[in-house]
Amino acid sequence: MAYIFEEPSRTFNAYLLVPGYSSSENRPENVSLKTPLVKFKKGEEPAISLNIPMVSAIMQAVSDDGMSVALATEGGMSFIYGSQTIEDEAAMVARVKDYKAGFVTSDSNLSPDMTLADVVALKEQTGHSTMPVTSDGTGHGKLLGVVTERDYRLSRMSMDEIVRDFMTPREKLIVAPADTTLKKANDIIWDNKLNSLPIVDENDNLVYMVFRKDYDSHKSNPNEMLDAHKRYMVGAGINTRDYAERVPALVEAGVDCLCIDSSEGFSEWQALTLKWIRDHYGDSVKVGAGNVVDRDGFRFLAEAGADFIKIGIGGGSICITREQKGIGRGQATATIEVAKARDEYFEETGIYIPICSDGGIVYDTHITLALAMGADFVMLGRYFARFDEAPNNRVMVNGSYMKEYWGEGSARARNWQRYDLGGQKKGMTFEEGVDSYVPYAGSLKDNVNVTLSKVKSTMCNCGALTIPEFQDKAKLTVVSATSIVEGGAHDVLQKDKNPYVTNVG
Ligand code: RVP
């Protein structure tokens, strides 16, 4: 007879935290959100820890090199999507590893034959007002000049004027060589009252631009995720089919951590992939596995050698696996059970395998709840898809800015889809994800700061200054349907939702 779980399958919304005693030490500025990314032995330090408990989802709409740099800057890690060619994925990893904080590869470039109309159009498109002029109009051509807003006046000039005639030419520019440090570049910028400094190689080809504002922002990132060579850390998704080619390419590109990306992790395919990695690289290559939703799935991947284990089936905002296949489990119930299995495994073996709650985070409070339930960190798709740094397009829908967000099991991503249990790419007959819009929310930095200040504040209310302490002290209660109503604004007319008011004295 089938096994029936006694407890209903619950989501984060079904829980609330009950505050515990907080001392005067329990202030948000004293909270550390450092958390292990990969397994470690009792009494030892993990080889990689995250400085904030957030990673971005292995999805085309979310995690490319730009997202990776932005999130590593804040202390988290991105897992670049594997639903692309091996070469393209490895190139994204390499770009993150080559990235020099404060050194920007210019994406607004002109060739000398372009016109003022082109300058205006490019500024409109990118929002950037400093544009290098290069021989081939790319960010790496021979530097011929720079156009800034100080070089033209729209009221006085014809739109046909040629860039060559009004740019600041190369001989009037101050530039610096490719081995310039950020500190030195900043000194040159200040000494010469510049807004930007082109960095060129020995042939006078443009390599990077350094902007005054970027140095200032770089200095205020104490949580950055840096490797031993001070390069940003980055993760990457792999699948259970082409790992013999993909893993070496990603390792060669400098990836810091891999993750097998699958909606169903309790499978021989994952064990075979982990075995191949261990046979070829031992423990030097770190690799997470998943997704699972119960103790059995956790034990299987733990014994197969995973460095961390990801939890979640069907809870993703764009995921319709539960509707399509009837499999899955409420994200809260799954997280609680797998956390117990992790602790039990730790007791037995002295090996702590971090767990990641993946999908279904809608409100910031859900992150706090996932941590309280035992997750070491969370993976988010929809959350990060809303930001400037995500690779997806920003569009206007019904008068509001939105960003496109599509599932890895949707038709849009299906050529690379991973929901076929290790079989061939072709032959998929149904979708497990949708193509959608999510509200545009601005910059990653601003949003992550607000989110984490809420997490820290709640941890303080529970008397905790670290994530392990929080997990130890947290008290969770299941909410009833009526207490959910009580939790929002209720029995009042909210002013922002009722703007048409007549003052009657
Ligand atoms: P969310 O943060 O709720 O948007 O969920 C993101 C997660 O959803 C991903 O990390 C992945 O586990 C899952 N996903 C991605 N694509 C699909 C799908 O097409 N069904 N599901």
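Keep in mind that what you see is a predicted model, and the values were worked out from it rather than measured.

Here is what the cut-offs are and how they apply
Residues numbered from 1 in each chain as written. Predicted model: local features only at pLDDT ≥ 70, side-chain atom pairs only at ≥ 80, totals over all residues. Heavy atoms only, no water. Near = heavy atom within 4 Å. Polar contact = N/O pair within 3.5 Å; in protein donor to acceptor, adjacent residues only side chain to side chain. Areas by Shrake-Rupley, 256 points an atom, 1.4 Å probe, with all protein chains shown as cover. Nonpolar A, V, L, I, M, F, W, Y, C, P; charged D, E, K, R; others polar. UniProt positions renumbered as here; feature names shortened; annotations may be inferred. Helix = DSSP H or I, 4+ residues; strand = E, 2+ residues; numbered from the N terminus. Buried < 20%, exposed > 50% of the residue type's maximum accessible area, 1.4 Å probe, protein only. Contact = heavy atoms within 4.5 Å. Core = buried A, V, L, I, M, F, W, Y, C linked by side-chain atoms within 4.5 Å. Phe/Tyr/Trp six-rings, centres within 6.5 Å; stacked < 30°, edge-to-face > 60°. Lys NZ or Arg CZ within 6 Å of the ring centre and 35° of its normal. Salt bridge = Lys/Arg side-chain N within 4 Å of Asp/Glu carboxyl O. Axes fitted to C-alpha atoms, helices over the stretch in contact; angles between N-to-C directions. Parallel < 35°, antiparallel > 145°, perpendicular 65-115°, else oblique. Left-handed = near helix turned anticlockwise from the far one by under 90°. Pairing = 2+ DSSP bridges.

Draft legend 1. Region of the structure containing the site of the ligand. By nearness alone, 23 residues border the ligand, and S317, D358, Y405, G409 and E432 come closest of all. Here S317 contributes a side-chain N or O atom positioned 2.7 Å from an oxygen atom of the ligand. E408 places a polar main-chain atom, nitrogen or oxygen, 2.9 Å from a nitrogen atom of the ligand. Contact with the protein chains removes 96% of the 490 Å² of surface that the ligand exposes when unbound. Taken together, the residues of the shell around the ligand sort by class into eight nonpolar, 10 polar and five charged.

Draft legend 2. Seen up close, the UniProt feature "binding site: NAD(+)" (unreviewed entry) in the chain. Under the UniProt annotation, the feature "binding site: NAD(+)" (unreviewed entry) is placed at D261, S262, S263, G312, I313 and G314. Spanning 54 residues, the named residues nonetheless gather at one spot, since no C-alpha pair among them exceeds 14.0 Å. In this structure, S263 sits in the loop between β15 (257-260) and α8 (268-281). In this structure S263 comes out as buried when scored by relative accessible area, which is 12%. Secondary-structure assignment places G312 in the loop between β17 (308-311) and α10 (321-325). In this structure G312 comes out as buried when scored by relative accessible area, which is 8%. Ignoring anything within four residues of it in the chain, the contact list for G312 reads N291, V292, V293, Q331 and D358.

Draft legend 3. Spotlight on the nonpolar core. Counting residues in hydrophobic clusters, the biggest one holds 107 residues, and the most contacted among them are M54, M77, L258 and F384. In contact with M54, not counting residues within four places along its chain, are L71, G76, M77, I367, F377, V378, L380, Y383, F384, V448, T451 and L452.

Draft legend 4. Geometry of the UniProt feature "binding site: K(+)" (unreviewed entry) in the chain. In the UniProt entry, the feature "binding site: K(+)" (unreviewed entry) is given for G314, G316 and C319. Mapped onto the elements of the fold, G314 is located in the loop between β17 and α10. The residues contacting G314, other than those within four sequence positions of it, are C319, T321 and R322. Within the secondary structure layout, G316 lies in the loop between β17 and α10.

Draft legend 5. Up close: the packing of aromatic side chains. With the rule as written, the count across this model stands at 16 aromatic pairs. Seen from their ring centres, Y99 and Y232 are 5.8 Å apart, and the 35° between their planes marks the pair as tilted. Taken together, the positions of Y99 in the loop between α2 (86-98) and β7 (103-104) and Y232 in the loop between α6 (212-219) and β14 (235-238) put the pair 133 residues apart, joining distant regions of the chain. Ring geometry for Y383 against F384: centres 5.0 Å apart, planes inclined by 90°, an arrangement best described as edge-to-face. Judged by relative accessible area, Y383 falls into the buried class, the value being 4%. Each residue in the set F40, F346 and Y352 is aromatic and connected to the rest through ring pairs, giving one cluster. Across the ring face of Y401, the terminal group of R394 is positioned such that the distance to the ring centre comes to 3.9 Å.

Draft legend 6. Quick look at the pattern of salt bridges. Per the counting criterion, the structure on display carries 29 salt bridges. Between D364 and K454 there is a salt bridge, with the nearest N and O atoms lying 2.8 Å from each other. Placement of D364 in helix α12 (residues 364-372) and of K454 in helix α14 (residues 444-461) is noted, with a sequence separation of 90 residues between them. You can call K454 partly exposed: its relative accessible area is 42%. Connected through shared salt-bridge partners, R295, R299, E303, E344 and E348 make up one network.

Draft legend 7. Geometry of the packing of α12 against α14. At a minimum axis distance of 9 Å, the contact between α12 and α14 shows a crossing angle of 45°. Looking at the two axes, α12 sits oblique to α14. In this structure, the crossing between α12 and α14 has a hand that is right-handed. Contacts between α12 and α14 pair D364, I367, T368 and L371 from the former with T451, K454, V455 and T458 from the latter. Across the contact of α12 with α14, the residue classes tally to three nonpolar, three polar and two charged.

Draft legend 8. Fine view of the sheet that holds strand β10 (residues 168-169). In space, the three strands of this open sheet follow the order β8-β9-β10, with antiparallel pairing throughout. Every interior strand has two partners, whereas the edge strands, β8 (131-134) and β10, have only one. When β8 meets strand β9 (residues 143-147), the two strands line up antiparallel, connected through four bridges. If you follow M131 over to β9, its bridge partner there is V147.

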